[in-house]
Amino acid sequence: MTTNLGVRRPDKAAYMLRAAATDAGRAYKQQLLDLLDVRTGQTTLDVGCGPGTDLGAFAELVGENGTVIGVDRDPAMLAEARDRTTGLPTVEIREGDAHALPVEPGSVDRARIDRVLMHVADPAAALAPLHRATRPGALVGLAEPDWDTLIVDADDLDTSRAFTRYTTSVAVRNATIGRSLARRTEQAGFTVLTVLATAPVFQDFQAADHTLGLGRNTQKAIDSGHIEEDLGRRWFASLSEGPFLASFSLFTVLCSR
Ligand SMILES: C[S@@+](CC[C@H](N)C(=O)[O-])C[C@H]1O[C@@H](n2cnc3c(N)ncnc32)[C@H](O)[C@@H]1O
């Protein structure tokens, strides 16, 4: 389907895999994986595993005596995750919701939740089952953006700000989850060990448009009256003319149970 701004809506699984394959995507994912310090034989849980982006990496780390459980609520994501992990006998893909994890209490040594809490109905209610699923001493790694920090360089600064406001107030459910991640994990009963922030910088318009939904969300903001049509169209057109720069902050928290 094509929007009025000529931007094709990406297939969800392809979108996630492409975002993960950018330099910035690879860097924060590797950092989170290093922090988690996954050992052979461990049971590792990936909540909101999407198309199984990182299940292979977890499988390699836990080895043949470990277990990797990928949970997602979206059947299309699960189908993609199954395809990508065919031939990895230690990987189990389970359909389920973060608010009611299909995982035995106290069975998980390492857990990860990567850009999922920003979408859930109730982040606190999603962290409680994660706490129950983990063993004492388990490590849990979380990564979530804070969309209030989204900056898009343009001469028309007001429309850049209006775009960020639309993203935070309408487009993303829990748009400011990044800054509250450490507090929320403490409130869920975890002990916070490390808090890091990274700021991916996009200088390629196409990559930013894909990951940040510049065209898609500008069109929606125009349609819903959040951005005036002429301003939105001119702002979006100016971005594609370059030079281009956009950035936002992504927070990573490592905590223990
Ligand atoms: C941005 S994608 C991230 C996927 C994966 N963690 C990664 O890093 O590639 C968010 C994923 O969270 C899943 N998700 C959102 N809300 C969920 C919920 N309440 N329970 C389980 N999965 C959920 C979506 O279906 C989607 O696959």
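Just so it is clear, the model here is predicted, and its values are computed rather than measured.

Reading the values: rules and limits
Residues numbered from 1 in each chain as written. Predicted model: local features only at pLDDT ≥ 70, side-chain atom pairs only at ≥ 80, totals over all residues. Heavy atoms only, no water. Helix = DSSP H or I, 4+ residues; strand = E, 2+ residues; numbered from the N terminus. Rg over C-alpha atoms; globule rule 2.2 N^0.38 Å. Buried < 20%, exposed > 50% of the residue type's maximum accessible area, 1.4 Å probe, protein only. Contact = heavy atoms within 4.5 Å. Areas by Shrake-Rupley, 256 points an atom, 1.4 Å probe, with all protein chains shown as cover. Lys, Arg positive; Asp, Glu negative; His and termini not counted. Charge placed at Lys NZ, Arg CZ, Asp CG, Glu CD. Core = buried A, V, L, I, M, F, W, Y, C linked by side-chain atoms within 4.5 Å. Near = heavy atom within 4 Å. Polar contact = N/O pair within 3.5 Å; in protein donor to acceptor, adjacent residues only side chain to side chain. Pairing = 2+ DSSP bridges. Right-handed = clockwise from strand over helix to strand, strands pointing away. Arc of directions from axis to C-beta. UniProt positions renumbered as here; feature names shortened; annotations may be inferred.

Draft legend 1. Focus on the overall build of the protein chain. The helix and strand tally for the protein chain stands at ten helices and eight strands. Taking 18 Å as the expected radius of gyration for a compact globule of 257 residues, we find that the protein chain reaches 19 Å, a close match to that expectation. Its C-alpha atoms give the protein chain principal-axis dimensions of about 60 × 40 × 30 Å. Per-residue burial for the protein chain yields a buried fraction of 51% across its 257 residues. Partitioning the intrachain contacts of the protein chain with sequence separation of at least 6 by distance along the chain shows that 77% fall at a separation of at least 24. Roughly 11,800 Å² of accessible area belongs to the protein chain as shown, and the carbon and sulfur atoms make up 49% of that amount. The positive charge centre, built from 27 side chains, and the negative charge centre, built from 34, are 3 Å apart in the protein chain.

Draft legend 2. Structural context of the nonpolar core. Residues Leu45, Leu117, Leu130, Leu142, Leu212, Leu214 and Phe244 are the most contacted members of the largest nonpolar core, which totals 53 residues. Sorting elements by how many residues they give to this core places strand β5 (residues 134-152) first, with six residues. The residues touching Leu212, leaving out its near neighbours within four places in the chain, are Trp147, Leu150, Phe163, Phe202, Asn217, Ala246 and Phe248. Counting 15 residues, the second largest nonpolar core, distinct from the first, contains Leu33, Cys49, Ala59 and Leu139.

Draft legend 3. Spatial organisation of the site of the ligand. With respect to spatial proximity, 19 residues lie near the ligand, and among them Lys29, Gly48, Thr53, Asp72 and Ala98 are the closest. Interatomic distance of 2.8 Å between a backbone N/O atom of Ala98 and a nitrogen atom of the ligand. Here an oxygen atom of the ligand sits 2.9 Å away from a polar atom, N or O, in the side chain of Arg115. Surface burial for the ligand is 96%, taken as the share of its 600 Å² of free accessible area covered by protein chains.

Draft legend 4. Representation of the pairing of strand β1 (residues 43-47) within the structure. Counting buried positions along β1 gives five out of five residues, so the element sits mostly inside the fold. The alternating pattern of β1 places Thr43, Leu45 and Val47 and Thr44 and Asp46 on opposite faces, both of which are buried. As paired strands, β1 and strand β2 (residues 67-72) are joined by five bridges and run parallel to one another. Paired with Val47 across the bridge in β2 is Val71. Between the parallel elements β1 and β2, the chain passes through helix α3 (residues 55-62) in a crossover that is right-handed. For β1 and strand β4 (residues 108-114), the ladder comprises four bridges, and the chain directions are parallel. Bridge assignment links Asp46 to a residue of β4, and that residue is Arg112.

Draft legend 5. Fine view of α3. By the burial criterion, the buried members of α3 are Leu55, Phe58, Ala59 and Val62. The arc that holds the buried residues of α3, viewed along the axis, is 100 degrees, so those residues lie on one side. Contact partners of the buried residues in α3: α2 (23-36), β1, β2, α4 (75-84), β3 (91-95) and β4.

Draft legend 6. Region of the structure containing the side chain of Thr164. Along the chain, Thr164 falls in helix α6 (residues 157-171). Those residues in contact with Thr164 that sit more than four places away from it in its chain are Trp147, Asp148 and Leu150.

Draft legend 7. Focus on the pairing of β5. Sheet topology places β4 next to β5; six bridges connect them, and they run parallel. Looking at the pairing, Val108 lines up with Thr134 of β5.

Draft legend 8. Spotlight on the UniProt feature "domain: Methyltransferase" (unreviewed entry) in the protein chain. When the UniProt feature table is mapped to this numbering, "domain: Methyltransferase" (unreviewed entry) covers residues 41-146. Helix makes up 27% of residues 41-146 and strand 34%, with an end-to-end C-alpha separation of 34 Å.

Draft legend 9. Quick peek at the environment of Pro129. Within the secondary structure, Pro129 sits in helix α5 (residues 123-133). Residue Pro129 is classed as buried on the basis of its relative accessible area, which comes to 6%. Taking the C-alpha atoms as reference points, Pro129 and Ala59, separated by 70 residues in sequence, lie 23 Å from one another.

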